[in-house]
Amino acid sequence: MQAFGYGSLGEDKKLEPVMFDRKTPDKGEVAFDVVYCGVCHSDLHQVRNDWGNTIYPCVPGHEIVGKVTSIGEGVSKFKVGELVGVGCMIDSCQECSACNDNLEQYCQGPKSCTLTYNGTKNPDGSNTYGGYSTAMCVREEFILRVPEKLDPKFAGPIMCAGITVYSPMRHFNLQKGQTLGVVGIGGLGHMAIGIGKALGAKVVAFTRHDDKVAQIRDLGADEVVVSSDDEQMQAAMQSIDLMVNTIPVAHDIAPYLTLMKPNGTLVVVGNMIEFKAFSPGPLVFNGINLAGSLIGGIQQTQEILDLCAEHDIKPSVKMIGIDELNDVFEELSNASQSDFRHVIDMQSFVKSDAVTNEQAKAIEAPIA
Ligand SMILES: [Zn+2]
Ligand SMILES: [Zn+2]
């Protein structure tokens, strides 16, 4: 089927309308029209080849909400007309121990998990295109239900930012009454506050910005600590059971280690590049665990969608038209953290000239 997207044809190119062929559903697959797609900071990194692994053309988007248009043979969980979601992955081997443990994001198969866009780890010329597009086709196992109680505008960011902070809370078994620390209050951090509260934790937020304290309290944080204020940091020493560190850039992690209770766990979810050298002394002397975590498996992603619906946890979103994408990318690259998630209303694209008059550049078909 003919699909239209917004993609980049090279490292120094802006996003532009493209058109390509999407497959129709085979056995076990579900095709849907994209209704909304969130704009994630990784979309920007990938389009600009910041990680050195981008395959062009690159059509980003992994916070996708769609309406089912057709289903392949044997699909049992979804019906035509239903609202569905797709997050950061669309495939995995389904037979390794990680996949069997519902940890598809850590699939140990030959290609690991297939990401929703820029998806092959072993490039053979084939690629995956994401949700900055009018239609998709994905195997049933990687499709999420959008709960009825949840406004679908909010579902996209939950399947990326939400699951990224929820998965370590589940894995490290955050208990009612424990203290959760959230470092960096942007797209990931603002969701971590609401989710931590829903799980019954006391939530302490850490921010560099003293002008944001009131705003962060409004998000539900029990306490807000300004990390550049030595006195406030001193007062928070050894008070945190579980800390989710969402800062997406290289930074000094040493001050955060001193905040952990003995046997506490500090989980890194944002920074994949480097840390400044730090002494492991505080880890050893207080029995602190330093851990990392990547998104979450499909079962947990469904869990967090359901939990957000049940507890009315909403990411802050700003709806945009698809033609605003290049400006939004510019804005995101200049801001260290955004106060909300941009979400593309795909109707803005469906009704545009690029789609109605097919004024889009034809590109090769993706593998999904
Ligand atoms: Zn993302
Ligand atoms: Zn696997």
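Residues numbered from 1 in each chain as written. Chains lettered and ligands numbered in written order. Predicted model: local features only at pLDDT ≥ 70, side-chain atom pairs only at ≥ 80, totals over all residues.

**Student:** How should I be thinking about the packing of helix H3 (residues 155-171) against helix H4 (residues 187-198) in this particular structure?
**Tutor:** To describe two helices that pack against each other, one gives the angle between their axes and the distance between the axes. Direction vectors running N to C along H3 and H4 enclose 60°, while the axes themselves pass 9 Å from each other. Classed by the angle they form, the pair H3 and H4 counts as oblique. Every pair of crossing elements has a handedness; the one defined by H3 and H4 is right-handed. Residues Pro-157, Ala-161, Gly-162, Thr-164, Val-165, Tyr-166 and Met-169 of H3 pack against Gly-187, Leu-188, Met-191, Ala-192, Ile-195 and Gly-196 of H4. Taken together, the residues of the contact of H3 with H4 sort by class into nine nonpolar, four polar and no charged. (Axes fitted to C-alpha atoms, helices over the stretch in contact; angles between N-to-C directions. Helix = DSSP H or I, 4+ residues; strand = E, 2+ residues; numbered from the N terminus. Parallel < 35°, antiparallel > 145°, perpendicular 65-115°, else oblique. Left-handed = near helix turned anticlockwise from the far one by under 90°. Contact = placed C-beta atoms within 7 Å. Nonpolar A, V, L, I, M, F, W, Y, C, P; charged D, E, K, R; others polar.)

**Student:** What should I look at first to understand the domain arrangement of the protein chain in this one?
**Tutor:** How big an interface is tends to be stated in terms of the accessible area lost upon association of its parts. Its domain assignment divides the protein chain into domain 1 (2-151 + 316-362) and domain 2 (161-292). The gap between the C-alpha centroids of domain 1 and domain 2 is 30 Å. Domain 1 puts six residues into the contact, and the matching count from domain 2 is seven residues. (Domains from an automatic or database assignment.)

**Student:** Where do I start with the sheet that holds strand S10 (residues 179-183) in this structure?
**Tutor:** As a general point, the strands of a sheet are linked pairwise by backbone hydrogen bonds and lie either parallel or antiparallel. Spatial ordering of the open sheet is given by S12-S11-S10-S13-S14-S15, a layout of six strands whose pairing is parallel. Pairing within the sheet leaves two strands with one partner each, and these edge strands are strand S12 (223-226) and strand S15 (289-292). In this sheet, adjacent strand axes meet at a mean angle of 20° when their direction is disregarded. Here four bridges tie S10 to strand S13 (residues 240-245), and the two strands are oriented parallel to one another. Following the sheet pairing, Leu-180 is matched in S13 by Leu-242. (Pairing = 2+ DSSP bridges.)

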